[in-house]
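Observations on chain architecture
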Amino acid sequence: MALRAAPGWGLPGTPWDTHCDCHLPPECSDQCTTIITGVAGQRGSLEVRTIRRSGRRLKWLQEERPAIYAAKQHLALPVPPWVDGWLERGGSPAPGAPAA
């Protein structure tokens, strides 16, 4: 949410709902979902899901559905290195971060 709403290059919006399964055991799939609505006067919402497979579920996907696993890996977007620093600084300017 902090990245999406970053001043200068993010988009305005309000978090509406968040659900996270990150507390589940390693053999489960972790999924976090955040729904963001537009600012007043704007219609629509954005739903962002992050999924991390691990344990038996990851092994099953790799072995039994290799084409699906490869497609999901291809679609996965790497997080740029500056993002972690930006978040650690609470959104203050980071070297190499996109400018407005």
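Residues numbered from 1 in each chain as written. Predicted model: local features only at pLDDT ≥ 70, side-chain atom pairs only at ≥ 80, totals over all residues. Heavy atoms only, no water.

1. Side note on the confidence of the model for the chain
Per-residue pLDDT for the chain averages 75, and the proportion of residues at 70 or more is 77%. Predicted confidence in the chain is weakest over helix H3 (residues 81–88), with a mean pLDDT of 74, and strongest over helix H2 (residues 66–75), with 87. (pLDDT = per-residue confidence, 0-100. Helix = DSSP H or I, 4+ residues; strand = E, 2+ residues; numbered from the N terminus.)

2. Focus: the side chain of Thr33
Within the secondary structure, Thr33 is located in strand E2 (residues 30–37). Non-local contacts of Thr33, meaning those with residues more than four positions away in its chain, are made with Asp17, Thr18, His19, Glu47, Val48 and Arg49. (Contact = heavy atoms within 4.5 Å.)

3. Some thoughts on the pairing of E2
Two elements, strand E1 (residues 14–20) and E2, share 6 bridges in a ladder whose sense is antiparallel. Across the sheet, residue Thr18 finds its bridge partner in E2, namely Thr34. Pairing of E2 with strand E3 (residues 45–52), which is carried by 8 bridges, proceeds in the antiparallel orientation. Bridge assignment links Thr37 to a residue of E3, and that residue is Ser45. (Pairing = 2+ DSSP bridges.)

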